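Chain and residue survey
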Amino acid sequence: MQLSVLREAISKSQPRTLIIHIGHHKTGSTSVQHALALEQVKINGIAPFYGAALTHNHLVRHGKEIVKETNKASVGHQYFLELANGMRQNFANTDNRICVISAEDFEHFPPAHLRKLVNTYFATMFDVVKVICYVRPHLQRTVSSFTETTKIGACTDDMETYFQQCTESGIFLYAPDLAKWRKVFGDNFIVRPSIRSEMQGGSLINDLFMSTLDAPQIAVAEVDNQNESLSLEDLLRVKFLHKQLRKRTRGFHHAYGWTLMRLTEKLPKSRNATKIQMHRSLAERVHEFYLEDARELDATYFGGSPLMQTALQEGLDNACEKAQPSTAQQVFNKSEIRSLRLAALMINELLMNEEQRWPEFLHQRRLDAM
């Protein structure tokens, strides 16, 4: 049998499956989304249908409209109908047996709302709908999310203050939220540990499809690691620049932070760069706060293997002794601070131009200053 015919036979034997990847945040979702959008993943020789330029987070932002029974004539409701019907049509038009939705913003989306969305628009088009979620160990997630929120200008404090906010909101107490997802989706809801040594096939992409499909043949092109961690020094530079532009909108800071991250990655890495770490006294409190949640996760989702408990202890063991600097002024000399401030002032000047050619605009700003 020719290879192409064999692949077609395997593909047709696969139940038509919709995989909904809901993150969590900081578990490698961006790399998965890049690979799917660029068709770098092949299942039984065929790229899964993805249908997004990068992510489906726009579906989350507008998905709340589906549960509204009032104001159906609103612009938001009409936009969501157009979006959902467009996705439905795309799924209908593809012959692919495997389709994927990936949106880490589903992490904090009510599972009952997603169930309603699926039932209304997609369920009749598939034999199986699987929802898969990756959980990053608590202490490592706290550090990573602190870095992320600082990078996009949403966090202006130190890690101590950030952890206090986390305890007040309960944001990383996973077990209660995961129980809601399991109640809604039952055995079709899959929880996997975001721990590299536990990944089937040695990578997140392999693990995702091996956990949701029956014996898939997976081929993955070389994938760039997206959203790599900043060094402490670069994070403090980014944080300083955000502060200088604090009057800008939240949306601006989010896009600005991602741009700074992308540009920073183009620069040669410093050999003296400092890894961002939690200090011991804080790590002890984090360990104490999340230990019971880690135990519940291990017992409920990981067959009693102490994966989350071990990772929590490892995070404590690897903590640094003293709190790391939290401001640029603690690390950089006056000359570099002056350079950062000058760069921020110039960025502010440029952002004020919305219409003119740059030489004309800058000349006019000079005249205005006179």
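Please read these numbers as outputs of a predicted model, since none were measured by experiment.

1. Focus on the packing of helix α12 (residues 280–301) against helix α13 (residues 307–317)
Here α12 crosses α13 at 175 degrees, and the two axes come no closer than 8 Å. Classified by the angle between their axes, α12 and α13 sit roughly antiparallel to one another. Where α12 approaches α13, its residues R280, A283, E284, V286, H287, Y290, L291, A294, R295, L297 and D298 are matched on the opposing element by L307, M308, Q309, L312, Q313, L316 and D317. Here the contact of α12 with α13 is composed, by residue class, of 10 nonpolar, 3 polar and 5 charged.

2. Topic: the environment of R61
Residue position: R61 is located in helix α3 (residues 57–63). Residue R61 is classed as exposed on the basis of its relative accessible area of 51%. Linking R61 and D105, residues 44 residues apart in sequence, is a C-alpha distance of 8.2 Å.

3. Re unusual backbone geometry
For the bond running from G23 to H24, omega is 0 degrees, close enough to zero to count as cis. Within the secondary structure layout, H24 lies in the loop between β1 (17–21) and α2 (29–37). Positive phi outside glycine occurs at E39, with the angle close to 55 degrees. Position of E39 relative to the elements: it lies in the loop between α2 and β2 (41–43). Judged by relative accessible area, E39 falls into the exposed class, the value being 52%. The backbone of A215 shows a phi angle near 50 degrees, a positive value even though the residue is not glycine. Looking at the secondary structure, you find A215 in the loop between α9 (204–212) and β6 (218–220). Judged by its relative accessible area of 60%, A215 falls in the exposed class.

4. Re the nonpolar core
The biggest cluster of nonpolar side chains holds 75 residues, and the ones touching the most others in it are I20 and F106. Looking at this core, the element that brings in the most residues is α12, giving 8 residues. Setting aside residues up to four positions removed in sequence, F106 forms contacts with I20, I22, L59, V60, I101, L114 and W181. Core analysis: the second largest hydrophobic core is formed by 19 residues, V32, I190, I205 and F209 among them.

5. Here's the deal with the packing of helix α8 (residues 174–185) against α12
Each pair of packed helices can be described by the angle between their axes along with the distance between the axes. Viewed as axis vectors pointing N to C, α8 and α12 meet at an angle of 30 degrees, and their least axial separation amounts to 9 Å. Classified by the interaxial angle, the pair formed by α8 and α12 is roughly parallel. Residue-level inspection shows Y174, A175, P176, L178, A179 and R182 of α8 in contact with α12, the latter providing D293, E296, L297, T300 and Y301. Its residues assigned to classes, the contact of α8 with α12 shows 7 nonpolar, 1 polar and 3 charged.

6. Considerations on the pairing of strand β5 (residues 189–193)
Every other side chain in a regular strand lies on the same face of the sheet, so the side chains alternate between the two faces. Of all 5 residues making up β5, 5 are buried, and the element is well covered by its neighbours. Neither face of β5 is exposed, since F189, V191 and P193 on one face and I190 and R192 on the opposite face are all buried. As paired strands, strand β4 (residues 128–135) and β5 are joined by 5 bridges and run parallel to one another. Across the sheet, V131 pairs through a bridge with F189, a residue of β5.

7. Some remarks on the pairing of β4
With 7 of 8 residues buried, β4 is to be regarded as a mostly interior element. In terms of strand pairing, β1 meets β4 through 5 bridges, oriented parallel. Note on β4: the bridge partner recorded for I19 is K130.

8. Section: α8
Taking 1.5 Å of rise per residue, the 12 residues of α8 would be expected to cover 16 Å, and the 17 Å separating its terminal C-alpha atoms lies within 8% of that figure. What α8 keeps buried is the set Y174, A175, L178, W181 and F185. Seen end-on, α8 carries its buried residues on one side only, within an arc spanning 120 degrees. In this structure, the buried side of α8 is in contact with α5 (111–121), β4, α6 (138–151), β5 and α12. Trailing α8 by a residue or two, G186 shows a phi angle of about 60 degrees, which is positive.

Conventions we followed
Residues numbered from 1 in each chain as written. Predicted model: local features only at pLDDT ≥ 70, side-chain atom pairs only at ≥ 80, totals over all residues. Heavy atoms only, no water. Axes fitted to C-alpha atoms, helices over the stretch in contact; angles between N-to-C directions. Helix = DSSP H or I, 4+ residues; strand = E, 2+ residues; numbered from the N terminus. Parallel < 35°, antiparallel > 145°, perpendicular 65-115°, else oblique. Contact = heavy atoms within 4.5 Å. Nonpolar A, V, L, I, M, F, W, Y, C, P; charged D, E, K, R; others polar. Buried < 20%, exposed > 50% of the residue type's maximum accessible area, 1.4 Å probe, protein only. Core = buried A, V, L, I, M, F, W, Y, C linked by side-chain atoms within 4.5 Å. Pairing = 2+ DSSP bridges. Expected span 1.5 Å × (residues − 1). Arc of directions from axis to C-beta.

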